[in-house]
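# Examination of the molecular architecture
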Amino acid sequence: MIKVEIDEGSGFCFGVVTAIHKAEEELAKGATLYCLGDIVHNSREVERLKSMGLITINHEEFKQLHNAKVLLRAHGEPPETYITAYKNNIEIIDATCPVVLRLQKRIKQEYQQEDNGEKQIVIYGQNGHAEVLGLVGQATGQAIVIEKLEEAKGLDFSKNIRLYSQTTKSLDEFWEIVDYIKAHISPNATFEYYDTICRQVANRMPNLRKFAASHDLIFFVSGKKSSNGKMLFSECLKVNPNSHLIDSIEEIDDSLLHDIDSIGVCGATSTPKWLMEQIYMEIKARLGQESL
């Protein structure tokens, strides 16, 4: 019999759990609730909350809204979002992750220091990601975003550099960037770096590698837009080339379910446990085994 196992360490991080609980609590009151952007980068969970009444809007729609209640997701928002809310009499349900809030505060303080014109505030993160947009907003758009080591090579090493990281990025890649800047910064410039990666996310990586390596086949469950999902899936692939990214039972490839002894189901910090369990049960059913 083929062993099928769910990684118990996978699933929502506490920031996402908090945001979803706040949404469910407000929706239970029966009032109209909007969410600025997808509450989590997982289409299945977004659809579940939509069926409960949550209305997802974009920033342009937010600007046109008045006298309403809007939930801010865990990713955080730039200062102008709060200004718009005040002007339009919008009640904010703020579910910004506390780890992200602390990072926003640090970048804002850095930007407001008197030596601001003499340094580059650099954020290691995904361009256009909701969290990164909120971080860049703390520096009124003046921060430099780099997505990988190669882009760090384009920094001005004659100027002071202050390096921060999106909370869900790879810890290993962050330290590679730190080492490169250290080796190339001018003797006349200063370099300060702040490891702002969420430990709940970073600590999952060694456990996920161990889980992925212990199975013949891995189904990594994640929304295609999840930055954390892409990063963690790449870690699975490093230790187990027979890893496959899926976001629903429809994407399970039956041809993979042969000539193996074990299957592992795991996911990102944006992946709901119920979805991993649904995929687990579907795999068991296709194998002719009993469900969970």
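Rules of the game
Residues numbered from 1 in each chain as written. Predicted model: local features only at pLDDT ≥ 70, side-chain atom pairs only at ≥ 80, totals over all residues. Heavy atoms only, no water. UniProt positions renumbered as here; feature names shortened; annotations may be inferred. 1 Å grid on protein atoms, 1.4 Å probe; cavity = no way out; pocket = protein on both sides within 12 Å on 5 of 7 lines; lining within 4 Å. Helix = DSSP H or I, 4+ residues; strand = E, 2+ residues; numbered from the N terminus. Buried < 20%, exposed > 50% of the residue type's maximum accessible area, 1.4 Å probe, protein only. Contact = heavy atoms within 4.5 Å. Pairing = 2+ DSSP bridges. Domains from an automatic or database assignment. Buried area = accessible area lost by both parts, 1.4 Å probe. Salt bridge = Lys/Arg side-chain N within 4 Å of Asp/Glu carboxyl O. Polar contact = N/O pair within 3.5 Å; in protein donor to acceptor, adjacent residues only side chain to side chain. Nonpolar A, V, L, I, M, F, W, Y, C, P; charged D, E, K, R; others polar. Points joined across faces, edges and corners; volume = space filled by probe spheres on them.

## Section: the UniProt feature "binding site: isopentenyl diphosphate" (unreviewed entry) in the protein
Per the UniProt record, "binding site: isopentenyl diphosphate" (unreviewed entry) is found at His 41, His 75, His 129, Ser 226, Ser 227, Asn 228 and Ser 270. A maximum C-alpha distance of 13.9 Å among these annotated residues, which run over 230 residues, shows that they cluster at one spot. Lining of the largest cavity among the annotated residues: His 41, His 75, His 129, Ser 226, Ser 227, Asn 228 and Ser 270. By the secondary structure assignment, His 41 is in the loop between strand S2 (34-36) and helix H2 (43-51). With relative accessibility at 13%, the residue His 41 sits in the buried group. Excluding anything up to four places from it in sequence, His 41 contacts Arg 73, His 75, His 129, Gly 223, Lys 225, Ser 226 and Ser 270.

## Description of the pairing of strand S12 (residues 262-267)
Where burial is concerned, most of S12 is hidden: six out of the six residues are buried. Here S12 shows no split at all, with Ser 262, Gly 264 and Cys 266 on one side and Ile 263, Val 265 and Gly 267 on the other all buried. When strand S1 (residues 3-6) meets S12, the two strands line up parallel, connected through four bridges. Considered in S12, the bridge of Ile 6 is made with Val 265. Judged from the five bridges that link them, strand S10 (residues 217-221) and S12 form a sheet pairing that is parallel. Note on S12: the bridge partner recorded for Val 221 is Gly 267.

## Topic: the domain arrangement of the protein
What the domain assignment reports for the protein is domain 1 (3-11 + 200-287), domain 2 (14-97) and domain 3 (99-193). The gap between the C-alpha centroids of domain 1 and domain 2 is 29 Å. Each partner contributes to the roughly 890 Å² buried at the junction of domain 1 and domain 2, and carbon and sulfur atoms together form 48% of this total. A per-residue breakdown of the area domain 1 buries against domain 2 is headed by Lys 225, Ser 270 and Trp 274, which together make up 43% of the total. Linking domain 1 with domain 2 are two salt bridges, by the criterion used here. Between Lys 225 and Asp 38 there is a salt bridge; the shortest N-O distance is 2.8 Å. Run the count over domain 1 and domain 2 and you get five residue pairs in polar contact (both at pLDDT 80 or more). Its residues assigned to classes, the side of domain 1 that touches domain 2 shows three nonpolar, eight polar and three charged.

## Topic: empty space enclosed by the protein
Scanning the model with the defined rule gives one cavity of 30 Å³ or more in all. Size it by volume and the largest cavity reaches roughly 270 Å³. Residue lining of the largest cavity: 23 residues in total, with Cys 13, Val 16, His 75, Thr 168 and Thr 269 positioned closest to the centre. When residues of the lining of the largest cavity are traced back to their parent elements, those giving at least two are helix H1 (14-28), helix H5 (98-112) and helix H11 (227-239). A total of three residues in the lining of the largest cavity trace back to one element, the largest contributor, which is H1. The residue inventory of the lining of the largest cavity, partitioned by class, reads 11 nonpolar, 11 polar and one charged.

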